[in-house]
Amino acid sequence: KEFVFVAVVAVVVLAGGGWFIMKTRAENAEKERIAAEAKLAADRKAEEAKLAADQKAAAEKQRAEEQKKLEESEFARLRSSQAEARIRWDNLEKEQGAAEKKLGELKADVRNTRDLTAPQVAELQAQFGAQTDYVDWLQPYVSRHPAKTQLAKLDALLSARAIEEAGKVAAELTRVLDDAEQEVASQKKSLLALGRSLQLVTEPAGVGYRVA
């Protein structure tokens, strides 16, 4: 009986020990599986985060490159606009110089009218007076014109590569020069015009007339 009891106890102990070992191994295996899955998920998440960061960095780089191209294109356009505005303003100043030169020539002609007829002298004096009026108007108009300030401001902004502000000034400068060119052309035509239209009406109609 003692042997049987001892044997039963031994079997129970061995069975319990085996069960405990198997349970421990199963728990460890499960922990390792969970840890492996957690590591795999963490690695996947890290890879996805890295991929997202790389894509974001690539997109930002592309946007930066596109923005730089746009800025360079706009800068080149503004430089071209600046050069065109400079030429247009130079032409206005040349118009002033040509008008002053013409006035000087007419002044010299008015001083030497001995060989001219009375109508020729009258016409010459009329031309001199008209040219004087034109020059008197043109000189202060050009010297005080806001386009000069706008040109200087545009030069400074482009040198500082302040593209947005330079764009606004360039647009305003174009408008100012358009107005200036139209105003000069209008005043030149008006002030230098010597002839005037004349309409003769006879009563009754058809009566002959003579202009002396």
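Structure: above.
Because the structure is a prediction, the values reported are computed rather than measured. (Residues numbered from 1 in each chain as written. Predicted model: local features only at pLDDT ≥ 70, side-chain atom pairs only at ≥ 80, totals over all residues. Heavy atoms only, no water.)

Draft legend 1. Up close: the nonpolar core. Of all hydrophobic cores here, the largest spans 26 residues; its most connected members are Trp 89, Leu 154, Leu 173 and Leu 177. The contacts of Leu 173, once residues within four sequence positions are left out, are Ala 85, Ala 147, Gln 150, Leu 151 and Leu 154. (Core = buried A, V, L, I, M, F, W, Y, C linked by side-chain atoms within 4.5 Å. Buried < 20%, exposed > 50% of the residue type's maximum accessible area, 1.4 Å probe, protein only. Contact = heavy atoms within 4.5 Å.)

Draft legend 2. Just the side chain of Ser 81, in detail. Mapped onto the elements, Ser 81 comes out in helix 1 (residues 2–111). Setting aside anything within four residues of it in sequence, one finds Ser 81 in contact with Ala 170 and Thr 174. (Helix = DSSP H or I, 4+ residues; strand = E, 2+ residues; numbered from the N terminus.)

Draft legend 3. Inspection of the packing of helix 3 (residues 147–159) against helix 4 (residues 163–192) at higher detail. Packing of helix 3 against helix 4 leaves a shortest axis separation of 9 Å and a crossing angle of 155 degrees. Here helix 3 lies roughly antiparallel to helix 4, going by the angle between them. Remark: the crossing between helix 3 and helix 4 carries left-handed chirality. Counting all contacts with helix 3, which are made through Ala 147, Gln 150, Leu 151, Lys 153, Leu 154, Leu 157 and Leu 158, the residues of helix 4 involved are Glu 165, Ala 166, Val 169, Ala 170, Glu 172, Leu 173, Val 176 and Leu 177. (Axes fitted to C-alpha atoms, helices over the stretch in contact; angles between N-to-C directions. Parallel < 35°, antiparallel > 145°, perpendicular 65-115°, else oblique. Left-handed = near helix turned anticlockwise from the far one by under 90°.)

Draft legend 4. Broad picture of helix 4. Relative to the 44 Å expected for 30 residues at 1.5 Å per residue, helix 4 spans 42 Å between its end C-alpha atoms, a close match to the ideal helical length. Within helix 4 the residues assigned to the buried category are Ile 163, Ala 166, Gly 167, Val 169, Ala 170, Leu 173, Val 176, Leu 177, Ala 180 and Val 184. (Expected span 1.5 Å × (residues − 1).)

Draft legend 5. Representation of the pattern of salt bridges. Using the criterion set out here, one finds twelve salt bridges in the structure. Here Arg 161 and Glu 72 are joined by a salt bridge, their closest N and O atoms 2.9 Å apart. Within this pair, whereas Arg 161 is found in the loop between helix 3 and helix 4, its partner Glu 72 is found in helix 1, the two being separated by 89 residues in sequence. By relative accessible area, which is 41% here, Arg 161 ends up partly exposed. Residue classification places Glu 72 among the partly exposed positions, given a relative accessible area of 38%. The partner of Arg 88 in a salt bridge is Glu 181, with the nearest N and O atoms 2.8 Å apart. A residue pair is termed long-range when its members are at least 10 positions apart, and Arg 88 in helix 1 and Glu 181 in helix 4 qualify at 93 residues. What you see here is one network of salt bridges that share partners, running through Glu 30, Arg 33 and Glu 37. (Salt bridge = Lys/Arg side-chain N within 4 Å of Asp/Glu carboxyl O.)

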